[in-house]
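# A structural walkthrough
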Amino acid sequence: MIKKILNNNTLRMITALTVVGIFSGAVLVLVHNYTVPKIEANKTKETETAIKEIFPSAAKIAETVYPGVFKITGHGGTPGGYAFIAAGNGYQGEIKMIVGVDAEMTTMLGMQVLESQETPGLGAEIVGSAFRDQFKGLSLAQPITYIKNQKPEKPGQIEAITGATISSKAVVNTLNKRIEQIRKKVKDK
Amino acid sequence: MDYTKTIQELILILIAASITNNFVLTYFLGICPFIGVSNKVESSIGLGIATTFVMTLAATVTWLIYHYVLVPYNLVFLQYVTFIIVIASLVQFVEMFIRKVSPPLYKALGIFLPLITTNCAILGLTLFMVLRNYTFLESIVFGLGAGVGFTLALVVMAGIREELEFADVPEPLKGAGITLILAGMLALAFMGFGGIISG
Amino acid sequence: MLKDFLKGLWRENPVFVQVLGMCPTLAVTTKAVFGASMGMATTFVVVSSSIVISLIRRFIPEQVRIPMFTVIIATFVTAADYFLKANFYQISKALGPYVPLIVVNCLILGRAEAFASKNGVFRSFLDALGMGLGFTCALVVLGAIREVLGAGTVFGYRVMWDGFSNWIVMILPAGAFLTLGLLVGVFNMVDKKISVEKK
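In this report, we go over the structure that sits alongside the text. For every chain, the first residue of the written sequence is number 1, and numbering continues from 1 along that sequence. All chains are assigned letters beginning at A, and all ligands numbers beginning at 1, according to the order in which they are written. Only residues with pLDDT of at least 70 are given local features in this predicted model, and only at 80 or more are side-chain atom pairs given and counted; all residues enter the totals for whole chains, interfaces and linings. Side-chain metrics in this entry use all non-hydrogen atoms of the structure; hydrogen atoms and water are not considered.

Any two residues whose heavy atoms approach within 4.5 Å are treated as being in contact. Across the contact, 37 residues belong to chain C and 37 residues belong to chain B. For the pair chain C and chain B, the summed buried area comes to about 3000 Å², and 85% of that belongs to carbon and sulfur atoms. On the chain C side of the interface with chain B, the three residues burying the most area are C23, V104 and F177 of chain C, jointly 20% of the side's total. The definition of a polar contact used here is a pair of N or O atoms within 3.5 Å, where within protein one atom must be able to donate a hydrogen and the other to accept one, and adjacent residues in sequence count solely through side-chain atom pairs. Linking chain C with chain B are three residue pairs in polar contact (both at pLDDT 80 or more). The helix and strand labels rest on DSSP assignments: H or I over at least four residues marks a helix, E over at least two residues marks a strand, and numbering proceeds from the N terminus. When residues of the side of chain C that touches chain B are traced back to their parent elements, those giving at least two are α2 (22–27), α4 (65–87), α6 (106–116) and α9 (173–198) of chain C. If one sorts the elements of the side of chain C that touches chain B by residue count, α9 of chain C sits on top with 13 residues. Counted by class, the side of chain C that touches chain B contains 28 nonpolar, seven polar and two charged residues. Accessible-area loss on putting two parts together, using a 1.4 Å probe and summing over both, is the definition of buried area adopted here. We call Asp, Glu, Lys and Arg charged. Ala, Val, Leu, Ile, Met, Phe, Trp, Tyr, Cys and Pro are nonpolar, and the rest, Gly among them, are polar.

Right under this line is the structure:
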């Protein structure tokens, strides 16, 4: 019987492919089961680290009823606020950020980039602190705007990265859109 | 639905994939055929067209499989295996189809088809498509744009290399070396297009 | 025996001599550490797939060998990808879609086809290890050069003087092509010198 299978060419081809397919599937199921909890933990940890970076004195971080929106309680009466994930399309793919705002949503407290595929050396500078620090204490009384090649002159304005206007613009647009959304949600509550 | 906005976005994807984010010159995808085949303009056009065709098809088919099979049945970890099988069978299928329907076309493109399976640009395309959450329509346009961009880079390179036969290239740089350096200059030149979609 | 291992490091170096596996070589070498991790991931895949293919080489029917190789390779690539995501999250994020693209790295399929499917397990292991390490070395060299000139650091340690202004072009795609092109040239020059001296 086995000899017959080995001699028949078509059958042999199909058997070989099936065996490899089963082997591959089995290996991957094992790998998947072993790694996925770790990967999830990595993601959660990353989000938490990013939030702590924005709210260094946070005593409690709790996800609210809305997924991806966290309520921050300050340490010993220091003011807390909200942290939330904002994601939008950049120059070369999705940019995913963690944004921190104060409880009244009038001032931005900081921003951390979780994921981006921008051009190394140019757009990727949105991850750098020189760009990100501009968002610390930025007024949210009006939508955020950007300006090219000069220091910001109005409240709520940041300077775009030289040579990476598209990435800078993508960050600003994503933030404006998401902040508006969160404002509505928080108000509705 | 805001149609003008959708169309605008599709055009943007097309231009980005073919020119400003050219697959070969910014993502380094499809370098092997780029270095191997780009000797003659004519064969470059042939390979380019065949690749564009497979890319558009691959984007369409893998999108459907990813969103209607892999995601609903929680099989995303089989993504790479599935995609590469889909691409390989697609190439095989296209080869058989062209051979039946149009023998002259098969004669012109046939020799390039086996080269396409191992072209990283195709697998790269399907991976980027998933990564960027493109819709069905966007994926098709993305595949088309990437193919056009690949063809463009290949043909331009072939044009330069045909001229290069008359140039005095330093001995150690002959072949791959000079091609890579030329590609670097082309990549710089293509960066100049970066501004056109900033508006 | 030793020859099987050593040839990948210099004589048949996959990057500098065979110019194979270009996509990851060029794409991820903006920093030396990314080059090293990509090199190690590739080495893992080429070694394990070579071992498996060599083990089952008698049972692989001729006509379907390429799809079978590809499935085996894709399986190990997926495993490597998930492993990196679980244990080296930051690096895996930086390498992005170029880890799955190891599947179509012609270097791996090339070893399967040219060596592992014809030779015993131990020799295939040595051959794959040599090729993988040769690939890794090339990536680290390329990454280190680009990192030094583009960011003033090597493996994250500052090595350039304070007033050094970074050559951004080195981290851009164009810089990758130019550096590799010149490196291939230098490699050929040194190689030639060695073979002349031997005579």
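Right, let's talk about the interface of chain A and chain B for a bit. The partner chain B presents 14 residues to the 12 residues of chain A that form the contact. In total, about 1100 Å² of surface goes out of reach between chain A and chain B, with carbon and sulfur atoms giving 57% of it. For chain A, the biggest contributors to the area lost against chain B are L28, Y91 and Q92 of chain A; these three give 40% of the whole. Salt bridge, as used here, is a side-chain nitrogen of Lys or Arg placed within 4 Å of a carboxyl oxygen of Asp or Glu. The interface formed by chain A and chain B includes zero salt bridges. Between chain A and chain B we count zero residue pairs in polar contact (both at pLDDT 80 or more) in total.

The next point concerns the packing of aromatic side chains. Classification of ring pairs uses Phe, Tyr and Trp, with its six-membered ring standing for Trp, and accepts pairs whose centres are within 6.5 Å; under 30 degrees between planes counts as stacked, over 60 as edge-to-face, and the remaining range as tilted. For the coordinates displayed, the defined rule picks out 17 aromatic pairs over all chains. Between F93 of chain B and F97 of chain B, the ring centres sit 6.4 Å apart and the planes meet at 20 degrees, which makes this aromatic pair stacked. With F93 of chain B and F97 of chain B both in helix α5 (residues 79–101) and four residues apart, this pair spans about one turn of that helix. Grouped by ring-pair contacts, the aromatic residues F23, Y27, F128, Y134 and F142 of chain B constitute a single cluster. Our definition puts a charge over a ring when NZ of Lys or CZ of Arg is within 6 Å of the ring centre and also within 35 degrees of the ring normal. Residue placement shows K85 of chain C over the ring face of Y82 of chain C; its charged tip is 5.4 Å from the ring centre.

Bringing the pattern of salt bridges into the picture now. Counted under the stated rule, the structure contains 12 salt bridges over all chains. The partner of K93 of chain C in a salt bridge is E46 of chain A, and the shortest N-O contact between them spans 2.4 Å. Note that K93 of chain C is positioned in helix α5 (residues 89–95) and E46 of chain A in helix α2 (residues 9–54), a pairing that runs across two chains. K85 of chain C is the partner of D81 of chain C in a salt bridge, and the nearest nitrogen-oxygen pair spans 3.6 Å. Separated by four residues within a single helix, D81 of chain C and K85 of chain C lie in helix α4, roughly one turn from each other. Since its relative accessible area comes to 28%, K85 of chain C is described here as partly exposed. Bridged by salt links that share partners, the residues K7, R111 and D127 of chain C form one connected network. Exposure categories follow from relative accessible area, calculated using a 1.4 Å probe and restricted to protein chains: below 20% of the type maximum is buried, above 50% is exposed, and the middle band is partly exposed.

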